[in-house]
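Okay, here's what each chain looks like letter by letter:
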Amino acid sequence: MSPEKYSILIVDDEQVVRDSLVHWFTEEGYEVEAAASAPEALSRLASRELDLVIADIRMPGMDGLELLEKIRSEQLDTSVIIMTGYASVEGAVRALKQGAFDYVTKPFDPDELSVAVRNALEQHRLKRENRLLRQQLAESFALTELIGQSEPMRRVREQIETVAGVDSTVLIEGESGTGKELVARAIHRLSPRRFNPLVVVHCGALTETLIESELFGHEKGAFTGAQYRKKGKFEAAMGGTVFLDEIADISLKTQTDLLRVLQEREIVRVGGTQPVKVDFRVIAATNRNLSDLVKEGRFRSDLYYRLNVFAIQLPPLRERHGDVPLLAAHFLEKYSRQMNRKFTGFDRGAMELLVSHNWPGNVRELENIVERAVVVGREPLIRAPDLAINRPSEGSEDLSLEAVERRHIIRVLEDFAWNQTQAAKALGIDRVTLYHKIRRYGLKPPERTRTTRA
Amino acid sequence: MKLPAWVAGVRLVPVGGLPPELLEEISRRSGIPVGSPALDPSPAYDPARDQYDSTRLLLELKARWEGRVVGAAGLDLFIPVLTFVFGEAEMGGRAAVFSIHRLRQEFYGLPANRDLLVERALREMLHELGHLAGLPHCPDAACLMSPAHSVEQVDAKNAQYCPACRTRLECLPG
């Protein structure tokens, strides 16, 4: 690290201090400027980027702490060290609390000053490097997870790139297991909001009362068990993105609340009265046909139009069979690495089975099957018997616990016409566990039951 | 060590508190002649700190000498924002000053060591001379131009400029 690269601004109303420090830091090889007051410092910072500001705590007019506050509130990219004229614990604590990197007491021990400056600049450099790397990483990885050379996938990637930069609401439609969350993550990572959080809400996994408090937060004592005030997902997103998965599963009451948040851009916590301003982008996803639900009166049309500003249709895997080998190879590589196993590929029989399968559970089903194969298979190749896919030609039943559980869940779900609450009760598990199992096994209701459910 | 040609015009001027035989040895070993008369440091004295303002000493030296000059002192030097300095120089200017006060082992409660003191004094003087020639601090910790805020750091240096700093010194106009 050559100190010549760094620039330092000395802010002090005393000429002798400015001169001494400018002289000293010039000798140390830094590029040094001086300002006699906080406003002068701010105008210098407005015109050029400086790595470090060393400011006196006591100055007439705007003091060092006010300058620090201004630098922080304007999010200027510079580190700050505060100088105090005498050892004032109170001033030092205030400086550190307000985000100063360090404070030094005049006169400085040369070694201490030198170390404080070196550390501040090193931290500044690391922060900048970290930001740059995160940006590069986000850009390079955002789309590579969406594997597929097929035309529909190419179109999806193009749509993601188009919509990421604009702040509009996105509706992702696709069957279970097609990768809707991956698309949402890719959009977030390519968007200007990428340095803020992406908050994921699985609407289907939450009961109506829970979803309200999850989304909007709650005040202390809002309901039994609400011991603390809690921020909701919209508040937690803080300038980022809220991904509402399984949006079709929310009740009409929550739909109304959600619509209001999308329109007003403010929320009221459960049990609260004060509206709170929130800044977020919404990406919603569903495995159902929302326009059908609108016609049936089960989804508010105004909310539907709010969400459906830009729609991305994710193709089911059976419509892009050509991508199966690529995806299978990707998951094989991923799980081999995770489980430290040395698989090099699939033998011919395994590959034929993979390509001929109908994939009702889509990419998630493929991922689960490959993961299992990596556990049970013998290196270096995955063979057909390692794949938990029912082969009609052989007729033999897969007796693994997983396969039995999957079949049993389907049976019970069908018995209750896919009413998940009743099915969960019959299975002796809670609805959320059932929900996760349905996702895991890539189960979906047959067409006829979907339309008769109301 | 062989010093660049432009150093030939530099004079070593006693500033106070430095035993004459030490000044002689530093002059002999560095090849820089002693100039006279000695500088009276009293205008730079700060009674509140019981130290001498090195920036003020540089001004006094420049007022009394035409050419390049290095003041050699045995006084406790400071600049207003720092608790002390080993020395100070005008970057690319005419005057520099250094002191043996905090280079002495006795200052740290240790037994005196004359040879070590001369070594440290020579390093400190050559360091300030480098600044006088316009060299900033060097990131190479073994180079004479690396910053030193403690005697340990002075001792850790080589008694030489690193090749990069030497090249820059030799290229300077005489």
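Residues numbered from 1 in each chain as written. Chains lettered and ligands numbered in written order. Predicted model: local features only at pLDDT ≥ 70, side-chain atom pairs only at ≥ 80, totals over all residues.

> Help me understand the overall build of chain A, please; the structure alone is not making it clear to me.
A tally of helices and strands in chain A yields 19 helices and 16 strands. Residue burial in chain A is summarised as follows: out of 454 residues, 36% are buried. Of all intrachain contacts in chain A linking residues separated by at least 6 positions in sequence, the fraction that spans at least 24 positions is 70%. (Helix = DSSP H or I, 4+ residues; strand = E, 2+ residues; numbered from the N terminus. Buried ≥ 20, exposed ≤ 12 C-beta atoms within 10 Å, placed from the backbone. Contact = placed C-beta atoms within 7 Å.)

> Got a minute to help me understand the overall build of chain B in this structure?
When its secondary structure is counted, chain B shows five helices and seven strands. When the helices and strands of chain B are read in sequence order from the N terminus, they spell out β-α-β-β-α-β-β-β-β-α-α-α. Sequence-distant contacts, at least 24 apart, represent 60% of the contacts inside chain B between residues at least 6 apart.

> Is there a simple way to explain the sheet that holds strand 13 (residues 281-286) of chain A in this structure?
Backbone hydrogen bonds hold the strands of a sheet together, and the pairing may be parallel or antiparallel. Residues and elements named next belong to chain A. With parallel pairing, the five strands of this open sheet are ordered in space as 7-10-13-6-14. If you trace the sheet from one side to the other, it starts and ends with strand 7 (198-202) and strand 14 (310-313), each paired once. Adjacent strand axes in the sheet meet at a mean angle of 20° when their direction is disregarded. (Pairing = 2+ DSSP bridges. Axes fitted to C-alpha atoms, helices over the stretch in contact; angles between N-to-C directions.)

> Before we go on, may I ask you to explain the confidence of the model for chain A in this structure?
Fine structural detail should not be taken from predicted coordinates in areas where pLDDT scores are low. Averaged over all residues, the pLDDT of chain A equals 84, while 92% of them reach at least 70. Every residue in residues 448-454 of chain A scores below 50 in pLDDT, and together they form six contacts with partners more than four places removed in sequence or on other chains. (pLDDT = per-residue confidence, 0-100.)

> Quick question: what am I supposed to make of unusual backbone geometry here?
Cis geometry marks the peptide bond from Glu379 of chain A to Pro380 of chain A; its omega dihedral reads 5°. One can find Pro380 of chain A in the loop between helix 15 (362-376) and strand 16 (381-382). Look at Asn362 of chain A: it is not a glycine, yet its phi comes out positive at around 60°. Topologically, Asn362 of chain A is positioned in helix 15. Here the phi dihedral of Asp50 of chain B falls at roughly 50°; this positive angle occurs in a residue that is not glycine. Within the secondary structure layout, Asp50 of chain B lies in the loop between strand 2 (45-46) and strand 3 (51-53).

> Would you mind going over the interface of chain A and chain B with me for this structure?
One frequent convention defines the size of an interface as the accessible area lost when the parts assemble. Contacts between the two partners involve 18 residues from chain A, matched on the other side by 15 residues from chain B. Of the residues belonging to the side of chain A that touches chain B, the class tally is eight nonpolar, five polar and five charged. (Nonpolar A, V, L, I, M, F, W, Y, C, P; charged D, E, K, R; others polar.)

> I'm lost on helix 3 (residues 64-73) of chain A in this one. Help?
Residues lying three or four places apart along an α-helix face the same way, a consequence of the helix completing one turn every 3.6 residues. Residue and element names in this part refer to chain A. Residues of helix 3 that are buried include every one of Gly64, Leu65, Leu67, Leu68 and Ile71, and no others. Seen from one end, helix 3 has its buried residues packed into an arc of 155°, which puts them on one side. Just downstream of helix 3, Gln75 is the residue with a positive phi angle, here 50°. (Arc of directions from axis to C-beta.)

> Sorry, what's going on with the sheet that holds strand 6 (residues 87-89) of chain B here?
Residue and element names in this part refer to chain B. A sheet is described by the order of its strands in space; here four strands give the open sequence 1-4-7-6, paired in mixed fashion. Strand pairing shows two members of the sheet lacking a second neighbour, strand 1 (11-16) and strand 6, which therefore form its edges. Across the sheet, the mean angle separating the axes of adjacent strands is 20° when strand polarity is ignored. Two strands pair when backbone bridges link them, and strand 4 (residues 69-73) and strand 7 (residues 95-99) are joined in this way by five bridges, in the parallel orientation. Its bridge partner being in strand 7, Ala72 is matched across the sheet by Phe98. Helix 1 (residues 20-30) contacts strand 1 and strand 4 of the sheet and is inclined by roughly 160° relative to strand 1.

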